[in-house]
Amino acid sequence: MLRKKKKISLADSIKEALILSMKKNKNVLLIGLGVDDPKGIFGTTKGIDKLFKDKRVFDFPTAENAMTGISIGASLMGVKPVIVHQRVEFSLLSLEQIINQAAKWFFMNGGTKSVPLVIRLIIGRGWGQGPQHSQSLETIFAHIPGLKVISLSTPYNAKGLLISSIEDKNPVIIFEHRWLHEIQGIVPKKYYKVPLGKARIVKKGTDLTLVSSSYMVIECLRSAKILKNYSINTEVVDIQSLRPLDIKTIINSIKKTQKAIIVDNGGISYGISSEIIAKLYEYFSSKNKNFNKITRIGPPDNPIPSTRELAKYCYPNYLDIIQNVEKLLKKKFKNLDKYRNDVPSDQPNRNFMGPF
Amino acid sequence: MLRKKKKISLADSIKEALILSMKKNKNVLLIGLGVDDPKGIFGTTKGIDKLFKDKRVFDFPTAENAMTGISIGASLMGVKPVIVHQRVEFSLLSLEQIINQAAKWFFMNGGTKSVPLVIRLIIGRGWGQGPQHSQSLETIFAHIPGLKVISLSTPYNAKGLLISSIEDKNPVIIFEHRWLHEIQGIVPKKYYKVPLGKARIVKKGTDLTLVSSSYMVIECLRSAKILKNYSINTEVVDIQSLRPLDIKTIINSIKKTQKAIIVDNGGISYGISSEIIAKLYEYFSSKNKNFNKITRIGPPDNPIPSTRELAKYCYPNYLDIIQNVEKLLKKKFKNLDKYRNDVPSDQPNRNFMGPF
Amino acid sequence: MKISKSTKKKLFYEMARIRMIEKNIASKYSEWEMRCPVHLSIGQEAIAVGICQNLKKNDKIVTAHRSHAHYLAKGGSLKKMLAELYGKETGCAKGFGGSMHLIDLNAGVIAAVPIVGSTIPIGTGVAWANKIKKKREIVVAFFGDGATEEGVFFESLDFASLHRLPILYVCENNEYSVYSHISKRQSKKRSITKIAKSFGIKSEKMDGNNIENIYTKTNKIIKKIKNKPQPYLIELKTFRHLEHCGPNNDDHLNYRSKKYLKQWNRKCPIKNYEKFLNKNNLVSKKNIKDLDNIIKYEILNAFAFAKRSKFPKKSLLKRFVYA
Amino acid sequence: MKISKSTKKKLFYEMARIRMIEKNIASKYSEWEMRCPVHLSIGQEAIAVGICQNLKKNDKIVTAHRSHAHYLAKGGSLKKMLAELYGKETGCAKGFGGSMHLIDLNAGVIAAVPIVGSTIPIGTGVAWANKIKKKREIVVAFFGDGATEEGVFFESLDFASLHRLPILYVCENNEYSVYSHISKRQSKKRSITKIAKSFGIKSEKMDGNNIENIYTKTNKIIKKIKNKPQPYLIELKTFRHLEHCGPNNDDHLNYRSKKYLKQWNRKCPIKNYEKFLNKNNLVSKKNIKDLDNIIKYEILNAFAFAKRSKFPKKSLLKRFVYA
Ligand SMILES: Cc1ncc(C[n+]2csc(CCOP(=O)(O)OP(=O)(O)O)c2C)c(N)n1
Ligand SMILES: Cc1ncc(C[n+]2csc(CCOP(=O)(O)OP(=O)(O)O)c2C)c(N)n1
Ligand SMILES: [Mg+2]
Ligand SMILES: [Mg+2]
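Keep in mind the model is a prediction, meaning the values are calculated, not measured.

**What to know about the domain arrangement of chain A**
Residues and elements named next belong to chain A. Per the domain assignment, the segments making up chain A are domain 1 (7-186) and domain 2 (200-339). The distance between the C-alpha centroids of domain 1 and domain 2 comes to 27 Å. Each side of the interface is counted separately: domain 1 has 28 residues, and domain 2 has 23 residues. One can count zero salt bridges joining domain 1 with domain 2. Remark: the boundary between domain 1 and domain 2 carries 12 residue pairs in polar contact (both at pLDDT 80 or more).

Laid out in structure tokens, this is it:
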């Protein structure tokens with residue numbers, strides 16, 4: 001843990017959060033397929049198994065449903081399991097345990113006992129991942145009372161949110177986008193928390209609000225940077241907590257800017273953006289305020305194919321966002337094309353060569 | 001099939017749809033725990049096993065995930081499985097097969113082969129069903145491209161929609177509320193279809209639109225009846241098809257009435273109502289229309305407890321809807337209390353004694 | 001192993017008590033005040049009692065929808081259980097769970113849920129935590145023959161075998177899952193105990209209606225598990241007297257043949273044990289009468305407690321969503 | 001059973017062909033034009049070929065992420081497979097699936113998906129439909145040792161046993177699930193073949209690198225299944241040469257010991273069979289060279305086809321959501 005750099009990757013910040021949590025609380029265990037293998041879940045758990053004398057890091061058979069039930073049972077005895085799935089899709093095998101059991105345990109047992117449990121879900125994208133390795137499915141979890149649902153976007157918030165999640169007494173689902181693992185950012189070395197249940201202003205602005213989560217925050221920041229050249233001062237809000245949803249922070253931003261685009265990280269229909277728009281509507285209409293200038297974009301209503309030539313149409317990028325800003329502001333930005341880059345659509349950047 | 005009555009229950013209309021479909025197409029099979037038992041899935045499959053010489057009705061081990069995968073496999077070979085789960089919750093064990101496989105099969109195999117498959121999910125309610133036997137969870141399915149998601153409300157539409165679902169080439173999820181099985185209605189004896197993908201005006205009106213699905217349609221109709229006594233002519237729209245969502249019919253109704261309450265049958269956050277409000281917002285704001293007068297109600301953000309004394313707070317009823325109409329219209333209806341009935345909150349009616 | 005006279009009495013008493021409680025629930029169910037589904041244990045008491053009499057207070061059990069006998073045999077509070085069935089705030093789950101969610105952490109009743117098979121991994125996880133923490137406690141997971149069809153059952157066995165977890169899996173094979181006979185659901189060539197063995201788990205078949213046999217055999221097994229952490233599975237054939245869910249007898253539906261019913265009715269674990277104790281002069285008619293009265297009194301009290309308790313407050317609805 | 005000379009040649013040819021195709025994929029992967037994850041079958045060809053040579057065209061197979069060998073051995077179109085890896089509209093799934101979703105209905109390749117274990121019930125369902133429709137076709141479900149840990153695997157066995165379905169379950173046990181050795185995942189006391197037996201399914205262990213043995217043994221089994229519908233399970237130990245996913249060798253990571261690697265490298269099914277055929281004068285060096293050239297030419301052509309094919313049109317995105 002003796003790092004010199006202030007800036008580290010999101011993968012490293014997760015690892016740091018895990019190690020600090022494990023040091024602080026000897027009940028914290030890491031669980032999941034491949035947690036102790038040479039790749040260490042895209043680096044996020046790499047080598048942790050060697051840091052602790054007692055066995056704390058548990059590789060698991062390919063049995064996601066039992067893995068979850070077993071973790072629930074262990075958590076009832078004071079163990080704090082942090083599960084990870086290398087793809088969101090694998091967790092679908094364990095939804096019975098998550099939705100019927102973990103989410104409701106405290107409630108259905110009349111408040112006698114809760115299930116402190118963290119489940120990290122990694123969203124795949126790019127390099128032909130295809131229909132079964134690139135879903136995010138946030139809504140499925142965000143719809144369930146009793147779960148807390150978090151979405152990471154920067155190294156700083158990743159570490160703080162993960163630490164808070166591990167300290168939390170409830171089952172927490174964490175969405176972690178594969179394309180964020182290599183993102184660099186300043187991360188304090190200490191043990192610190194970012195509270196669950198709060199949205200976050202990533203960039204302050206006055207003219208327009210972009211609301212998003214996960215990797216889409218990066219695209220929003222890219223848009224904001226370009227929009228500055230057109231004298232648009234953009235505020236970027238990271239939803240961060242999908243459940244409970246901190247609609248207040250979003251409302252306050254829009255009250256200021258009067259305009260917003262919700263950029264959904266997952267499928268748009270019955271998506272995260274639906275609830276946000278519904279809540280914004282409820283708020284603004286109850287105040288009889290004008291709120292005509294809110295729109296949303298996001299992945300279209302189809303699975304994501306493997307071929308990069310079609311997958312590229314399934315993710316909005318910073319230019320798509322800007323085109324929506326044009327529509328919203330009824331403006332036309334000149335020479336937008338010069339901001340087009342030539343990074344292949346199925347890689348986060350030219351240097352990134354996987355593993356995906 | 002030689003019935004005299006024009007009016008039959010929704011359970012019987014489902015049974016009729018199943019029998020007619022099985023007669024028309026010898027590939028249709030009924031699959032599920034208890035499909036051939038003395039209770040026959042609340043009467044909906046009762047005795048069907050005895051109507052066909054070949055074995056067409058298959059009881060199943062308690063293995064929901066394999067049941068679904070096996071049905072997918074059979075459907076690839078031309079069999080048309082109609083699966084039933086006595087509670088929505090049991091299907092959570094099979095979501096991997098439903099979401100990753102069935103929903104994407106046609107797409108991910110480049111249009112070579114689809115998975116015609118019907119899955120009936122029964123929503124429990126009342127008599128202390130509690131947190132694991134009374135969820136509806138429509139959103140989980142409605143969020144997934146490739147699925148069609150249907151919600152039944154009347155004997156007439158139940159029969160027609162089920163027949164359409166069985167004829168459909170795609171995986172269709174059907175929500176069936178336990179409290180609807182005994183509801184009576186006029187049902188033609190013939191084989192007829194109600195198209196998937198369409199909402200339905202259940203009752204025409206001019207002053208106000210109530211939008212809902214499943215059992216909540218009944219509550220809306222009750223409200224409409226009472227509202228008439230206060231000179232409010234209510235239009236009731238049954239969403240019917242949650243995916244694809246027929247927002248046009250809803251929009252057209254609201255264009256006429258200018259006011260709407262969306263009554264959600266499932267948990268309200270990230271619920272069916274969220275997407276409807278988002279879509280209405282998108283439409284009306286794009287037209288620069290006034291659309292201040294839309295609200296929603298639905299089950300609150302908690303699991304549903306067993307004790308009837310608290311479960312009763314988890315379902316809006318016709319009076320709650322009317323109170324919301326009062327708010328929306330800024331009116332106060334006199335003597336509303338006389339419409340209060342004394343049916344226990346955990347039974348659909350006094351005579352209904354289960355099984356739940 | 002020789003069973004002491006007092007233990008014999010205790011075994012009988014515990015079974016008779018559970019039976020009487022269940023019968024009282026059945027008879028009071030028609031007052032429509034216990035408004036939740038109940039899956040009564042009548043006929044299957046010997047398994048719960050025979051095993052739980054070998055457990056310490058801090059040993060744990062998990063169970064499923066048919067859990068009354070397990071809960072009571074493990075020492076769960078009767079008052080809290082009945083209050084739970086009445087949906088009251090004094091219930092073991094404050095009325096939030098009902099009959100299908102019994103819990104009594106003081107007594108080591110960790111979990112009961114009605115999703116078939118779902119507490120099997122949870123119990124396995126409890127055993128895993130015990131192993132990690134080097135506790136000498138064990139877990140007993142009770143489940144039915146139907147539950148052995150769920151994928152998660154096998155996954156759990158696999159994990160318990162891999163990590164040699166201190167857990168006793170108890171399959172109460174009453175041959176039915178609701179109305180479905182086991183022959184409709186499982187190949188005749190299949191065997192639950194053989195399955196366990198193929199996973200590397202020792203297993204044994206037992207007569208589920210012979211209380212002394214269950215008691216002595218599981219006594220040994222539980223000792224072995226405590227001495228050296230390892231999983232075991234036992235399968236016990238037994239018989240449910242009443243309908244799958246609800247207070248009534250449903251023999252008129254004929255899903256179980258007359259012959260089958262007659263055969264099994266002869267094997268009532270309680271009647272037979274009473275006869276046996278009587279014949280061997282271990283308990284007298286008078287003893288039984290006395291026990292009966294003690295139990296009756298306890299039950300009367302508990303029902304009165306449950307009935308006069310209050311319903312939970314509305315504010316708890318929100319309070320219990322998150323810890 | 002005596003294997004004819006021509007069959008022997010065919011067995012060799014099929015293995016060599018698959019090997020060469022996989023090697024070509026590996027070497028061309030670094031052009032960054034096949035932009036999807038690939039799980040190469042190198043080392044495991046004998047299983048695919050030994051079994052599929054016993055299948056008729058209308059027999060069906062289902063497979064998983066490591067499916068190239070199965071697809072090719074069953075007669076799937078090479079051109080369409082490569083085009084699929086290149087994401088082209090001429091691909092077997094029009095580029096929508098990539099390497100992890102190979103399908104060729106003409107050849108009886110029904111399904112391949114990367115969710116571990118998920119085609120096992122699907123294959124079982126195909127067999128169920130065949131049984132219902134009284135077809136004399138069989139289904140072979142290929143999967144790895146990791147897949148035998150999924151609950152749905154057991155659930156499927158149970159159903160196949162109950163209904164006596166005409167299906168052959170083939171577990172390719174390469175001892176690894178990604179980097180995890182089987183000893184980290186499964187108890188040493190566990191056995192896949194014993195598990196099958198405990199479900200009432202006949203089973204057998206085989207050497208996964210001995211092509212003639214696989215061919216003759218599965219020939220018999222497949223005949224038995226066709227004569228009288230019933231499930232079988234076979235487990236074949238084998239060895240994956242390259243990394244779990246991708247075109248490279250990853251032996252430097254040391255998750256498989258030097259000794260282990262050396263041992264297994266000696267057992268290459270193709271090299272050994274070539275030696276054997278040579279020694280027994282069944283094929284000459286010249287023969288082999290000729291075969292090589294034929295295969296090379298076919299591969300060259302297929303790659304050219306894949307490369308010059310077009311990407312699918314955007315409109316298909318919407319068109320394929322619903323049938
Ligand atoms: C996952 C799931 N599937 C189906 C059901 C419906 N169900 C409730 S109890 C039961 C019977 C289970 O049989 P068994 O495990 O033998 O227990 P028994 O009732 O005989 O005690 C079933 C199928 C359920 N509760 N959960
Ligand atoms: C349900 C699920 N869990 C985890 C994974 C990640 N994963 C991909 S391949 C694989 C290894 C499976 O091992 P095995 O079945 O032995 O096949 P092999 O790779 O050895 O051919 C795993 C764990 C997955 N694809 N699906
Ligand atoms: Mg049973
Ligand atoms: Mg393997």
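**Looking at the interface of chain B and chain A**
Listed per partner, the contact involves 50 residues of chain B and 50 residues of chain A. Of all residues in chain B, the largest losses of buried area upon contact with chain A belong to B:His143, B:Tyr270 and B:Tyr281, amounting jointly to 19% of the total for that side. At the junction of chain B with chain A, the criterion picks out six salt bridges. In this structure, the salt-bridge partner of B:Glu275 is A:Arg296, at a minimum N-O distance of 3.4 Å. At the boundary of chain B with chain A, the tally comes to 26 residue pairs in polar contact (both at pLDDT 80 or more). Per element, the largest residue contribution to the side of chain B that touches chain A is nine residues, and it comes from helix H9 (residues 272-286) of chain B. Here the residues of the side of chain B that touches chain A are counted per class, giving 25 nonpolar, 15 polar and 10 charged.

**Notes on the relation of the copies chain B and chain A**
Placing chain B over chain A gives an RMSD of 0.0 Å and needs a rotation angle of 180°, together with 0.0 Å of translation along the axis. Classification of the inter-copy transformation places it as that of a two-fold axis.

**Description of the site of ligand 2**
Taken together, 20 residues are adjacent to ligand 2, and A:Glu64, D:His65, D:Pro114, D:Asp145 and D:Asn174 come closest. The local environment of ligand 2 is shared, drawing residues from chains A and D. D:Arg66 is positioned such that a nitrogen or oxygen atom in its side chain is 2.8 Å from an oxygen atom of ligand 2. Burial of ligand 2 by the protein amounts to 93% of the accessible area it has alone, namely 570 Å². Here the residues of the shell around ligand 2 sort into nine nonpolar, seven polar and four charged.

**Some words on the site of ligand 1**
Neighbouring ligand 1 are 20 residues; B:Glu64, C:His65, C:Pro114, C:Asp145 and C:Asn174 lie closest to it. Residue neighbours of ligand 1 fall on chains B and C, so the site bridges chains. Within the contact set of ligand 1, an oxygen atom lies 2.8 Å away from a side-chain nitrogen or oxygen of C:Arg66. Measuring from a nitrogen atom of ligand 1, one finds a backbone N or O atom of C:Pro114 at 2.7 Å. The fraction of the free accessible surface of ligand 1 (580 Å²) that becomes covered by protein chains is 93%. Looking at side-chain class alone, the shell around ligand 1 contains nine nonpolar, seven polar and four charged residues.

**Some thoughts on helix H10 (residues 269-279) of chain D**
All names here are of chain D. Three or more residues of H10 are buried, namely Pro269, Ile270, Tyr273 and Leu277. Along H10, the residues classed as buried sweep out an arc of 85° about the axis, all on the same side. Away from its buried face by more than 90 degrees, H10 exposes Lys271, Lys275 and Lys279. On its buried face, H10 is in contact with helix H1 (5-29), helix H2 (45-52) and helix H8 (211-227). One or two positions beyond H10, positive phi appears at Asn281, with a value near 55°.

**Comments concerning the pattern of salt bridges**
In the structure shown here, the tally under the stated rule is 70 salt bridges over all chains. The closest approach of N and O atoms between B:Arg308 and C:Glu33, which form a salt bridge, is 3.0 Å. You can see B:Arg308 sitting in helix H10 (residues 308-311) and its partner C:Glu33 sitting in the loop between helix H1 (5-29) and helix H2 (45-52), one on each of two chains. Salt bridges here are not isolated pairs; linked through shared partners, they connect A:Glu275, A:Lys279, A:Glu282 and B:Arg296.

**Quick look at the packing of helix H2 (residues 64-76) of chain A against helix H5 (residues 119-132) of chain C**
Packing of H2(A) against H5(C) brings their axes to within 6 Å, and their N-to-C directions diverge by 50°. Compared by their axis directions, H2(A) and H5(C) come out oblique. Regarding H2(A) and H5(C), the two cross each other, and that crossing is right-handed. Mapping the contact onto sequence places A:Ala66, A:Gly69, A:Ile70, A:Ile72, A:Gly73, A:Ala74 and A:Leu76 in H2(A) and C:Pro121, C:Ile122, C:Thr124, C:Gly125, C:Val126, C:Trp128 and C:Ala129 in H5(C). Taken together, the residues that form the contact of H2(A) with H5(C) break down as 10 nonpolar, four polar and no charged.

**Structural notes on the interface of chain A and chain C**
Contact with chain A, which involves 40 residues of that partner, is made by 37 residues of chain C. The contact between chain A and chain C buries some 3,100 Å² in all, and 73% of this surface belongs to carbon and sulfur atoms. For chain A, the biggest contributors to the area lost against chain C are A:Ile70, A:Met77 and A:Phe107; these three give 23% of the whole. Viewed at the interface, chain C and chain A are joined by zero salt bridges. Where chain A touches chain C, the interface holds 10 residue pairs in polar contact (both at pLDDT 80 or more). For the side of chain A that touches chain C, the secondary structure elements donating two or more residues are strand S2 (28-31), H2, helix H3 (95-101) and helix H4 (105-108) of chain A. The element that contributes the greatest number of residues to the side of chain A that touches chain C is H2(A), accounting for nine residues. Taken together, the residues of the side of chain A that touches chain C break down into 19 nonpolar, 15 polar and six charged.

**Here's the deal with unusual backbone geometry**
Along the chain, A:Arg243 connects to A:Pro244 via a cis peptide bond; the corresponding omega equals -10°. Along the chain, the position of A:Pro244 falls in the loop between strand S12 (241-243) and helix H8 (247-257). Look at A:Gln258: it is not a glycine, yet its phi comes out positive at around 70°. Along the chain, A:Gln258 turns up in the loop between H8 and strand S13 (260-263). The phi dihedral of D:Lys134 is positive, around 55°, even though this residue is not glycine.

**Describing the sheet that holds strand S10 (residues 208-212) of chain B**
Residue and element names in this part refer to chain B. One open sheet holds the five strands; their spatial order is S9-S11-S10-S13-S14, and the pairing between them is mixed. In the strand order of this sheet, the two ends are held by strand S9 (200-203) and strand S14 (294-297), each with one partner. In this sheet, neighbouring strand axes are inclined to one another by 25° on average, regardless of whether the strands run parallel or antiparallel. Bridge analysis of strand S13 (residues 260-263) against S14 gives four bridges, and the strand direction is parallel. The residue bridging Ile262 from the neighbouring strand is Arg296, located in S14. Here helix H11 (residues 318-329) sits on the sheet and contacts S10, S13 and S14; the angle it forms with S13, its principal contact strand, is near 150°.

Conventions used here
Residues numbered from 1 in each chain as written. Chains lettered and ligands numbered in written order. Predicted model: local features only at pLDDT ≥ 70, side-chain atom pairs only at ≥ 80, totals over all residues. Heavy atoms only, no water. Domains from an automatic or database assignment. Contact = heavy atoms within 4.5 Å. Salt bridge = Lys/Arg side-chain N within 4 Å of Asp/Glu carboxyl O. Polar contact = N/O pair within 3.5 Å; in protein donor to acceptor, adjacent residues only side chain to side chain. Buried area = accessible area lost by both parts, 1.4 Å probe. Helix = DSSP H or I, 4+ residues; strand = E, 2+ residues; numbered from the N terminus. Nonpolar A, V, L, I, M, F, W, Y, C, P; charged D, E, K, R; others polar. Least-squares fit on C-alpha atoms with pLDDT ≥ 70 in both. Near = heavy atom within 4 Å. Areas by Shrake-Rupley, 256 points an atom, 1.4 Å probe, with all protein chains shown as cover. Buried < 20%, exposed > 50% of the residue type's maximum accessible area, 1.4 Å probe, protein only. Arc of directions from axis to C-beta. Axes fitted to C-alpha atoms, helices over the stretch in contact; angles between N-to-C directions. Parallel < 35°, antiparallel > 145°, perpendicular 65-115°, else oblique. Left-handed = near helix turned anticlockwise from the far one by under 90°. Pairing = 2+ DSSP bridges.

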